[in-house]
Amino acid sequence: MTFSRIVGTGSYLPARVVRNDEFSARLDTSDAWIRERTGIAERRIADASQASSDLALEASRHALDAAGVAASEIDLIVLATSTPDYIFPSTACLLQAKLGAAQCPAFDVQAVCSGFVYALATADNFIRGGSVKRALVVGAEVFSRILDWNDRGTCVLFGDGAGAVVLAASDAPGIHASVLRADGRHSGILSVPGNVSGGRIVGSPFLQMAGNQVFKFAVRVLDEVARETVAAAGMQLSDIDWLIPHQANVRILEATARKLGLPLERLVVTVDHHGNTSAASVPLALDEWVRAGKIRAGDRVMLQGVGGGFTWGAVLATI
Ligand code: UT7
């Protein structure tokens, strides 16, 4: 039987650091409010010259290096983003050209902050199906481009970045189980409800969120989907070495860990210095913990996404 396994991780953060004081200098907010309500101290913001594919390229190169795999050896690219370079072609195709990985299939996944988990589960299915041996799975975002920088309720929460993994066919898991869920009835509580038509923006190009409803939804489904995923893998919650939920708010992360009965030392937190980077948050956090030597070969990791759609999901993997 063929499984898939993460054989390399990489990430990239833009150089510009934006600390909470930058917001309090011009908006009715404070470093104390942002830290207390979200856990965020700083985030990175991409330069105007950088698009999602540029961030994805850097993260992908690091993941390929870590895996010892050449771009030409990749036979699938799945890229999760809600902030693509263009309406089309897909950011995955732009990344493919920049990497020099011509010919392999490449496509974007749009599941907002669950995007990386959706992309990883998709690539896992291609590998288990036998048609792909090595996949590059990426989450890349420039959420700074879809924020109203005068809306204190949203602009303080997000950041830009990218993370990537190389997934390869393996005789042993690797990925033990994945569970993906969506409920479009809740599309209104987190959205960018606009589009381009006839050369004009129709609706709003800015992120809108009913923060409180999103918060409660996230804590409920992150708990549920973790339980479903360990059950699908025939394991117990106590088999999880590291919990990496989508990095939205430290209070959501801690509430999830508590509901699952996992000690906070097993919870991966990077939202304090990345902010919420949407589809990039999970692979960014994974790469940071791997490179810091905290997550080691053989550790069992639960990766979780939740976001607009509403979408949510989890992947349980041995690294
Ligand atoms: O990636 C997708 C998932 N996204 C999330 O998971 C985000 C989920 N939601 C959250 O993280 C939290 O709901 C927020 C951080 C967005 C807000 O925290 P909250 O504890 O739910 O606060 P709230 O929305 O209930 O607002 C409390 C107060 C309000 O003032 P009033 O109406 O009580 O006078 C807000 O206007 O806090 C006010 N407020 C702020 N005050 C200072 C909202 N944003 C700010 C701010 N600075 N930046």
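See the structure above.
Quick notes on the rules
Residue positions are given per chain, counted from 1 along the sequence in the order it is written. Residue-level local features of this predicted model are given only where pLDDT is at least 70; pairs of side-chain atoms are given and counted only at 80 or more, and the full residue set underlies all totals for whole chains, interfaces and linings. Excluded from the side-chain calculations are hydrogens and water; all other atoms, namely the structure's heavy atoms, are used. Lines are fitted to the C-alpha atoms to define the axes, a helix being fitted only along its stretch in contact, and any angle between axes, read from their N-to-C directions, falls within 0 to 180 degrees. Put simply, DSSP marks the helices as runs of H or I at least four residues long and the strands as runs of E at least two long, and each gets a number from the N terminus on. Angles are sorted into four bins: roughly parallel if under 35 degrees, roughly antiparallel if over 145, roughly perpendicular if 65 to 115, and oblique for all others. Crossing handedness follows the turn of the near helix against the far one: under a right angle anticlockwise gives a left-handed crossing, and clockwise gives a right-handed one. A contact between two residues is defined here by any heavy atoms of the two lying within 4.5 Å. Just so you know the grouping, Ala, Val, Leu, Ile, Met, Phe, Trp, Tyr, Cys and Pro go in nonpolar, Asp, Glu, Lys and Arg go in charged, and all remaining residues, Gly too, go in polar. For the exposure calls, accessible area comes from a 1.4 Å probe over protein chains only, and a residue counts as buried if that area is under 20% of its type's maximum, exposed if over 50%, partly exposed in between. Note on pairing: two strands pair once DSSP finds at least 2 bridges between them. Orienting the strands away from the viewer, one traces the path from the first strand over the helix to the second; a clockwise path indicates a right-handed crossover. By definition here, a salt bridge exists when the distance from a side-chain nitrogen of Lys or Arg to a carboxyl oxygen of Asp or Glu is within 4 Å. As used in this record, nonpolar core signifies buried Ala, Val, Leu, Ile, Met, Phe, Trp, Tyr and Cys residues forming a set joined through side-chain atoms within 4.5 Å. Domain start and stop positions are those given by an automatic or database domain assignment.

A. Here's a closer look at the packing of helix 3 (residues 52-67) against helix 4 (residues 91-99). At a closest axis distance of 9 Å, the pairing of helix 3 and helix 4 adopts a crossing angle of 55°. By the criterion of interaxial angle, the relationship of helix 3 to helix 4 is oblique. Considering only the axes of helix 3 and helix 4, their crossing is right-handed. Contacts between helix 3 and helix 4 pair Ser52, Ser53, Asp54, Ala56, Leu57, Ser60, Arg61 and Leu64 from the former with Thr91, Leu94, Leu95, Lys98 and Leu99 from the latter. When the residues that make up the contact of helix 3 with helix 4 are grouped by side-chain class, the tally is 6 nonpolar, 4 polar and 3 charged.

B. Geometry of the pairing of strand 4 (residues 76-80). In terms of burial, strand 4 is a largely internal element, 5 of the 5 residues being buried. With burial as the criterion, each face of strand 4 is covered, one bearing Leu76, Val78 and Ala80 and the other bearing Ile77 and Leu79. Across 4 bridges, the pairing between strand 4 and strand 5 (residues 106-109) is parallel. Bridging across to strand 5, Ile77 finds its partner in Ala106. Handedness of the β-α-β unit built from strand 4, helix 4 and strand 5 comes out right-handed.

C. Looking closely at the sheet that holds strand 13 (residues 242-245). Taken in spatial order, the 4 strands make up an open sheet running 8-15-14-13, and their pairing is mixed. Strands with a single pairing partner mark the edges of an open sheet, and in this sheet they are strand 8 (175-182) and strand 13. Each strand of the sheet is rotated relative to its neighbour by a mean of 10°, with strand direction disregarded. Bridging between strand 13 and strand 14 (residues 300-307) involves 4 bridges; their strand directions are parallel. Across the sheet, Ile244 pairs through a bridge with Leu303, a residue of strand 14. Against the sheet, helix 10 (residues 281-291) makes contact with strand 13 and strand 14, and its axis sits at roughly 145° relative to strand 13, the strand it touches most.

D. Seen up close, the pattern of salt bridges. Applying the stated criterion across every chain, the model contains 13 salt bridges. The partner of Glu228 in a salt bridge is Arg181, and the shortest N-O contact between them spans 2.4 Å. You can see Glu228 sitting in helix 7 (residues 211-232) and its partner Arg181 sitting in strand 8, a full 47 residues away along the chain. The class of Glu228 is partly exposed, set by a relative accessible area of 29%. Judged by relative accessible area, which is 35%, Arg181 ranks as partly exposed. The closest approach of N and O atoms between Arg220 and Glu224, which form a salt bridge, is 3.3 Å. Highlighted residues: Arg220 and Glu224, both in helix 7, separated by 4 residues, approximately one helical turn. Using a relative accessible area of 37% as the deciding quantity, one classes Arg220 as partly exposed.

E. Broad picture of the nonpolar core. With 48 residues, the main nonpolar core has Phe23, Ile240, Leu243, Met302, Val306, Phe310 and Trp312 as its most contacted residues. Breaking this core down by element, the ones donating at least two residues are helix 7, helix 8 (250-259), strand 14 and strand 15 (311-318). Looking at this core, you find at least three residues from each of domain 1 (3-171) and domain 2 (176-318). In this structure, Val78, Val109, Val117 and Ala135 belong to the second largest nonpolar core, which totals 33 residues.

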